[in-house]
Amino acid sequence: QVQLVESGGGLVQAGGSLRLSCAASGIIFSIGAMGWYRQAPGKQRELVAVITNGGSTNYADSVKGRFTISRDNAKNTVYLQMNSLKPEDSAVYYCNAEVRTEWWKTAYDYWGQGTQVTVSS
């Protein structure tokens, strides 16, 4: 079993900042890419940012220059620093990790339960 637990969501005014954290625990042999997705009401879930275990990153165009993804491999944790937040950033943010539980097993995607981010105008 692998669990991803997110924290750090909340209510913030436009222009403010939040930092999300997501810690993976359980039976973990290795973690590949980790990322953040978001889903607003009535919209599809979309990629926000992703980081490989080597530190390479990729961002959605809408958050480039405002959000920064990072990870601590020793803690199996991924972070999302969100600055200059806009009302359109409001959504439930989900953590995702590509986890291999044993060296001989295929890696699978695991998801956190989601954390609400609300940006008021």
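Here goes a summary of the coordinates provided. (Residues numbered from 1 in each chain as written. Predicted model: local features only at pLDDT ≥ 70, side-chain atom pairs only at ≥ 80, totals over all residues. Heavy atoms only, no water.)

1. Thoughts on unusual backbone geometry
Okay, so step 1: A positive phi angle, near 50°, is found at Asn76, a position not held by glycine.
Okay, so step 2: Within the element layout of this structure, Asn76 appears in the loop between β7 (67-72) and β8 (77-82).
Okay, so step 3: Even without being glycine, Ser84 reaches a positive phi, approximately 50°.
Okay, so step 4: With respect to the helices and strands, the residue Ser84 is situated in the loop between β8 and β9 (91-100).
Okay, so step 5: Its relative accessible area of 42% is what places Ser84 among the partly exposed residues. (Helix = DSSP H or I, 4+ residues; strand = E, 2+ residues; numbered from the N terminus. Buried < 20%, exposed > 50% of the residue type's maximum accessible area, 1.4 Å probe, protein only.)

2. A look at the packing of aromatic side chains
How two aromatic rings sit relative to each other is set out by the distance from centre to centre and by the angle between their planes.
Okay, so step 1: The tally for this structure, following the rule as stated, stands at 2 aromatic pairs.
Okay, so step 2: Ring centres 5.0 Å apart and planes at 65° place the aromatic pair Tyr37 and Trp111 in the edge-to-face group. Residue Tyr37 is located in strand β4 (residues 30-39), and its partner Trp111 is located in strand β10 (residues 108-111); the two are separated by 74 residues in the primary sequence.
Okay, so step 3: On the basis of an interplanar angle of 85° and a centroid distance of 5.8 Å, the ring pair of Trp103 and Trp104 is categorised as edge-to-face. Taken as a pair, Trp103 and Trp104 share a single burial class, namely exposed.
Okay, so step 4: Here the guanidinium or amino end of Arg19 rests over the ring plane of Tyr79, the centre of that ring lying 4.1 Å away.
Okay, so step 5: Over the face of the ring belonging to Tyr94 we find Arg45, whose NZ or CZ atom lies 3.7 Å from the ring centre. (Phe/Tyr/Trp six-rings, centres within 6.5 Å; stacked < 30°, edge-to-face > 60°. Lys NZ or Arg CZ within 6 Å of the ring centre and 35° of its normal.)

3. Focus: the pattern of salt bridges
Okay, so step 1: In the structure shown here, the tally under the stated rule is 4 salt bridges.
Okay, so step 2: Ionic pairing is found between Arg38 and Glu46, a salt bridge with its closest N-O pair at 2.7 Å.
Okay, so step 3: Here Asp89 ties to Arg38 by a salt bridge, and the two come within 3.0 Å at their closest N and O atoms. Here Arg38 lies in strand β4 and Asp89 lies in the loop between β8 and β9, a separation of 51 residues in the sequence. Like Arg38, Asp89 is buried.
Okay, so step 4: Connected through salt bridges with shared partners, the residues Arg38, Glu46, Arg66 and Asp89 form a single ionic network. (Salt bridge = Lys/Arg side-chain N within 4 Å of Asp/Glu carboxyl O.)

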